[in-house]
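# Topology and contacts: notes
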Amino acid sequence: MPWALRFAIGSFLLFGIGATIIAWACMSTGWETLGRFVGGLLTAGAGLIASALFSIVSAVIHRRWRTFSLAMLAISVLLFLLLLVFAKFA
C-alpha cells in the first residue's frame, strides 16, 4: 500500500478522535461543552481535509490504487459536508 494511502487512513483515525470529542461534548453540561465541541469539530475537520488531500495525491501518483483513492476522497468529502451541516444545526 502506498505511503499516501497510509496517511489518508491515519487521517480517518484523526476524524474518529474528533467525532469522539464531539460525542463527549454532547453528553456534557456547562461552559466546557462549547470548548470540547469546537475542539472536536476542528480535529474532525482537519482529519477529513488531510484524508482528502492524501487521497488526491495517491490517486495522481499511483495508478493501481486510483479507484480506492477516489473512493476515500468521496467518503472524506461526504463526511466533511455532513460535519458542516451538523455544525450549522447543532
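Please refer to the structure placed before this passage.
Residues numbered from 1 in each chain as written. Predicted model: local features only at pLDDT ≥ 70, side-chain atom pairs only at ≥ 80, totals over all residues. Heavy atoms only, no water.

All right, on to the packing of helix 2 (residues 32-61) against helix 3 (residues 66-89) then. Interhelical geometry of helix 2 versus helix 3 gives an angle of 155° and a closest axis separation of 8 Å. With respect to helix 3, the axis of helix 2 lies roughly antiparallel. In this structure, helix 2 meets helix 3 at a crossing whose hand is left-handed. Here the contact of helix 2 with helix 3 is composed, by residue class, of 17 nonpolar, 6 polar and 1 charged. (Axes fitted to C-alpha atoms, helices over the stretch in contact; angles between N-to-C directions. Helix = DSSP H or I, 4+ residues; strand = E, 2+ residues; numbered from the N terminus. Parallel < 35°, antiparallel > 145°, perpendicular 65-115°, else oblique. Left-handed = near helix turned anticlockwise from the far one by under 90°. Nonpolar A, V, L, I, M, F, W, Y, C, P; charged D, E, K, R; others polar.)

With 8 residues, the main nonpolar core is built from Phe15, Ile22, Ala25, Phe37, Leu41, Ala44, Leu48 and Leu83. For this core, the secondary-structure elements that each account for two or more residues are helix 1 (3-27) and helix 2. Examining the composition of this core, we find that 4 residues originate from one element, helix 2, more than from any other. Setting aside residues no more than four positions away along its own chain, phenylalanine 15 makes contact with Ala44, Gly47, Leu48 and Leu79. (Core = buried A, V, L, I, M, F, W, Y, C linked by side-chain atoms within 4.5 Å. Buried < 20%, exposed > 50% of the residue type's maximum accessible area, 1.4 Å probe, protein only. Contact = heavy atoms within 4.5 Å.)

Relative orientation of the contacting elements helix 1 and helix 3 amounts to 20°, with a least axis distance of 12 Å. Between helix 1 and helix 3, the angle is such that the two are roughly parallel. For the pair helix 1 and helix 3, the crossing hand works out as left-handed. Of helix 3, the residues touching helix 1 (which contributes Leu5, Ala8, Ile9, Phe12, Phe15, Ile22 and Cys26) are Phe68, Ser69, Met72, Ile75, Ser76, Leu79, Leu83 and Phe86. Tallied by class, the residues present in the contact of helix 1 with helix 3 amount to 13 nonpolar, 2 polar and no charged.

With that settled, the discussion passes to the packing of aromatic side chains. Aromatic rings considered in pairs are described by the distance between their centres and by the relative angle of their planes. Here the structure, examined in full by the defined rule, presents 4 aromatic pairs. Relative to phenylalanine 7, the ring of tryptophan 3 has its centre 6.0 Å away and its plane inclined at 75°; by these criteria the two rings are edge-to-face. Of this pair, tryptophan 3 and phenylalanine 7 both sit in helix 1, 4 residues apart, which is roughly one turn of the helix. Between phenylalanine 37 and phenylalanine 86, the ring centres sit 5.8 Å apart and the planes meet at 50°, which makes this aromatic pair tilted. Within this pair, whereas phenylalanine 37 is found in helix 2, its partner phenylalanine 86 is found in helix 3, the two being separated by 49 residues in sequence. (Phe/Tyr/Trp six-rings, centres within 6.5 Å; stacked < 30°, edge-to-face > 60°.)

Now for the side chain of serine 58. Examined against the element boundaries, serine 58 turns out to sit in helix 2. With near-sequence residues (within four places) excluded, serine 58 lies in contact with Pro2, Ala4, Leu5, Trp65 and Ser69.

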